[in-house]
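Observations on chain architecture
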Amino acid sequence: SGKGRKSWNCVPAFPQVLEAFEQAEREPKPPPHLLFSDVYREMPPRLRRQREELQRHLETYGEHYPLQNFQK
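Nothing here was measured: the structure is a model prediction, and the numbers come from that model. (Residues numbered from 1 in each chain as written. Predicted model: local features only at pLDDT ≥ 70, side-chain atom pairs only at ≥ 80, totals over all residues. Heavy atoms only, no water.)

Observations regarding the overall build of the chain
The condition is simple: Counting from the N terminus, the helices are DSSP H or I runs at least four residues long and the strands are E runs at least two residues long. Burial classification: accessible surface area is computed with a 1.4 Å probe over protein chains only, and a residue below 20% of its type maximum counts as buried, one above 50% as exposed, and the rest as partly exposed. Accessible surface area values rest on a Shrake-Rupley calculation with a 1.4 Å probe, where residue burial reflects the displayed protein chains alone.
From N to C terminus, the chain includes three helices and zero strands. The N-to-C order of helical and strand elements in the chain reads α-α-α. A buried classification covers 10% of the 72 residues belonging to the chain. Surface exposure of the chain reaches about 6,700 Å², of which carbon and sulfur atoms provide 55%.

Things to note about the confidence of the model for the chain
This is how the line gets drawn: The quantity known as pLDDT measures the predictor's confidence residue by residue, on a range of 0 to 100.
The share of residues in the chain with pLDDT of 70 or more is 89%, and the mean pLDDT across the chain is 85. The element-level mean pLDDT for the chain is lowest in helix 2 (residues 34-37), coming to 84, with helix 3 (residues 45-61) highest at 93.

Some words on the pattern of salt bridges
Here is the rule we go by: Here, a salt bridge means any Lys or Arg side-chain nitrogen found within 4 Å of an Asp or Glu carboxyl oxygen.
On inspection of all chains with the given rule, the structure shows one salt bridge. With its nearest N and O atoms 3.4 Å apart, the salt bridge here joins R26 to E19. What makes R26 exposed here is its relative accessible area of 58%. Here E19 falls in the partly exposed class, since its relative accessible area comes to 38%.

Quick notes on the environment of P30
With respect to the secondary-structure elements, P30 resides in the loop between helix 1 (14-26) and helix 2. P30 sits 42 residues away from K72 along the chain, and the two C-alpha atoms are 8.0 Å apart.

Shown next, in the form of structure tokens:
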């Protein structure tokens, strides 16, 4: 049950948090390939394959994704 819990919109900082979130959402997203490059010093073969699969997928179906929102 939710008894004793405050609603998030009653928290004094909620408007500032919401504005910061909305501002961050307007910024260009990091390029998709960074999902794979910032984890390991040397990329394991399984991640290399996944990165290649994502690249092929986006080349084929990229028009279905908001890729314009991502950095190049």
